[in-house]
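Chains, contacts and geometry: an overview
Now for the letters of each chain:
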Amino acid sequence: NFSQLADWNRCQWLKSVNFSQSRWRDRTLFADNKFNDYTSFKNATFEKVVAFRTSQFKGILDFQDVKLLDQVDFSDAVFTENGSLNIPGLAFDSDRAKILGDRGIIGGAISLPSLEGNDTVLRNLIKNFRRQEQIPDANKVEYKMQELRLRQIGDRLKDVSPERIFLLGWFGDLLRWMFLNLLLLLSGYGTQFNLLLGNGLIAIAYFGFLFWLIDRWRKVIPKPVLPTKADMVYMLSLIHISEPTRPY
């Protein structure tokens, strides 16, 4: 229990850190820290502001079942390739509770092992970033949510017994799995505007070509109106031109 200001500024933690089940009643300062390994705050409670500004995380920062009553600040924090903010069971226990971080970065650092039991956590995070007008971070959390849902549905499909194959109960999960896969592949679940716009242009071009072809073939009796070779080449070239380069 830390009942007064806890000042850990400019510290370097060489090995794993365990603050599990701790309670912080006043401000907590971890600014300009270097965490070189796994850092656990499991079941911790933060009653006041927590600052991890300009800190570096080379391992997992575990916020599992953490209770927030005020804001946690990750401004200018760096999460390396192996670093992430693990948040299963994270609870926003007051109206002041929020997570702050750099726009477009903090959302990508968040991780969850599964969707089960974490729907509310993810929805609270999406609201948290949207209220701060950090739409890219809200979109990244939304994307993670749908990835976890896709994995959850895939696990259910793997567990379908041979007896259920001939029933229609699992067919809805299969359609949903295919639809989510398509959304994530073609538009990043709406998070990649260039990809979404590009696929829209392709769809418009293909449907335009299809309707043009039907229109030319529709007069079969008494005499069909068939497209010439030049017409075909021209229309197919329009489809090819409209195809965008997929972003990586």
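Treat the numbers as computed from the prediction; the structure is a model and nothing was measured.

A look at the environment of Leu85
Within the secondary structure, Leu85 sits in strand E15 (residues 84-86). C-alpha of Leu85 to C-alpha of Ile110: the two residues are 25 residues apart in sequence and 4.7 Å apart in space. With residues near it in sequence (within four places) discarded, Leu85 still touches Leu61, Phe63, Phe74, Phe79, Ala109, Ile110 and Ser111.

Examining the sheet that holds strand E17 (residues 98-101)
Read from one edge of the open sheet, five strands run E1-E5-E9-E13-E17, paired in parallel fashion. What marks the edges here is a single partner per strand, and that holds for strand E1 (6-7) and E17. Sheet topology note: the E1/strand E5 (residues 28-29) ladder contains two bridges and is parallel. Considered in E5, the bridge of Asp7 is made with Leu29.

Examining the pattern of salt bridges
Any two side chains of opposite charge can pair if their charged atoms end up close together. In this structure the tally under the stated criterion is five salt bridges. For Glu47, the salt bridge is made with Arg23, and the minimal N-O distance between the two is 2.8 Å. Remark: Arg23 occurs in strand E4 (residues 23-24) and Glu47 occurs in the loop between strand E8 (45-46) and strand E9 (50-51); sequence separation between them is 24 residues. Judged by relative accessible area, which is 17%, Glu47 ranks as buried. Residue Arg23 is classed as partly exposed on the basis of its relative accessible area, which comes to 30%. A salt bridge links Arg149 to Asp119, with the nearest nitrogen and oxygen atoms 3.8 Å apart. With Arg149 in helix H3 (residues 135-158) and Asp119 in helix H2 (residues 119-131), the pair connects residues that are 30 residues apart, well separated along the chain. Linked by salt bridges that have partners in common, Arg23, Arg25 and Glu47 make up one network.

Considering the packing of aromatic side chains
Tallied over the full model, the rule gives 31 aromatic pairs. Ring plane angle 65° and centroid distance 5.3 Å describe the contact between Phe19 and Trp24, whose orientation is recorded as edge-to-face. When sorted by exposure, Phe19 lands in the same class as Trp24, which is buried. Ring geometry for Phe30 and Phe35: centres 6.1 Å apart, planes at 50°, overall tilted.

Overview of the packing of H2 against H3
For the pair H2 and H3, interaxial distance at closest approach is 7 Å and the crossing angle is 165°. Comparing their axes, H3 and H2 come out roughly antiparallel. For the pair H2 and H3, the sense of crossing is left-handed. The residues of H3 that touch H2, namely those facing Asp119, Leu122, Arg123, Leu125, Ile126, Phe129 and Arg130, are Ile135, Asp137, Ala138, Asn139, Val141, Glu142, Met145, Leu148 and Arg149.

Let's talk about a positive patch on the surface
Together, Lys98, Arg123, Lys127 and Arg131 give the surface a local cluster of positive charge. A total of three residues in the positive patch trace back to one element, the largest contributor, which is H2. Mapped onto the elements of the fold, Arg123 is located in helix H2.

Definitions and limits used
- Residue indices follow the written sequence of each chain, beginning from 1 at its first position.
- Only residues with pLDDT of at least 70 get local features here, since the model is predicted, and only at 80 or more are side-chain atom pairs given and counted; chain-wide, interface and lining totals rely on the full set of residues.
- Hydrogens and water are ignored here; the side-chain numbers use all heavy atoms of the structure.
- Comment: elements are numbered from the N terminus, with helices defined as DSSP H or I runs of at least four residues and strands as E runs of at least two.
- By definition, residues are in contact when any of their heavy atoms lie within 4.5 Å.
- Any two strands with at least two DSSP bridges between them are considered paired.
- Put simply, a salt bridge is a Lys or Arg side-chain nitrogen that is within 4 Å of an Asp or Glu carboxyl oxygen.
- The cut-offs for exposure are 20% and 50% of the maximum accessible area for each residue type, with area from a 1.4 Å probe on protein chains only; residues under the lower value are buried, those over the upper are exposed, and the others partly exposed.
- Ring geometry is summarised as follows: Phe, Tyr and Trp rings, the Trp one being its six-membered ring, pair when their centres sit within 6.5 Å, and such pairs are stacked at plane angles under 30 degrees, edge-to-face over 60 and tilted between the two.
- Under this scheme, a helix contributes an axis fitted over its contacting stretch, all axes are lines through C-alpha atoms, and angles between N-to-C directions fall in the 0 to 180 degree range.
- Oblique is the label for any angle not under 35 degrees, not over 145, and not in the 65 to 115 range, which are roughly parallel, roughly antiparallel and roughly perpendicular in turn.
- Crossing handedness follows the turn of the near helix against the far one: under a right angle anticlockwise gives a left-handed crossing, and clockwise gives a right-handed one.
- Exposure above 30% relative accessible area and the lack of any salt bridge qualify a residue for a patch; like charges then connect within 9 Å, and the nonpolar side chains Val, Leu, Ile, Met, Phe, Trp and Tyr within 5 Å.
- Accessible surface is estimated by sampling points in the Shrake-Rupley manner with a 1.4 Å probe; for residues, cover comes only from the protein chains shown.
- Note that His is not counted, nor are the chain ends; the positive residues are Lys and Arg, and the negative ones are Asp and Glu.
- Think of each charge as sitting on NZ of Lys, CZ of Arg, CG of Asp or CD of Glu.

Spatial relationships are all this shows, so hold off on functional conclusions.
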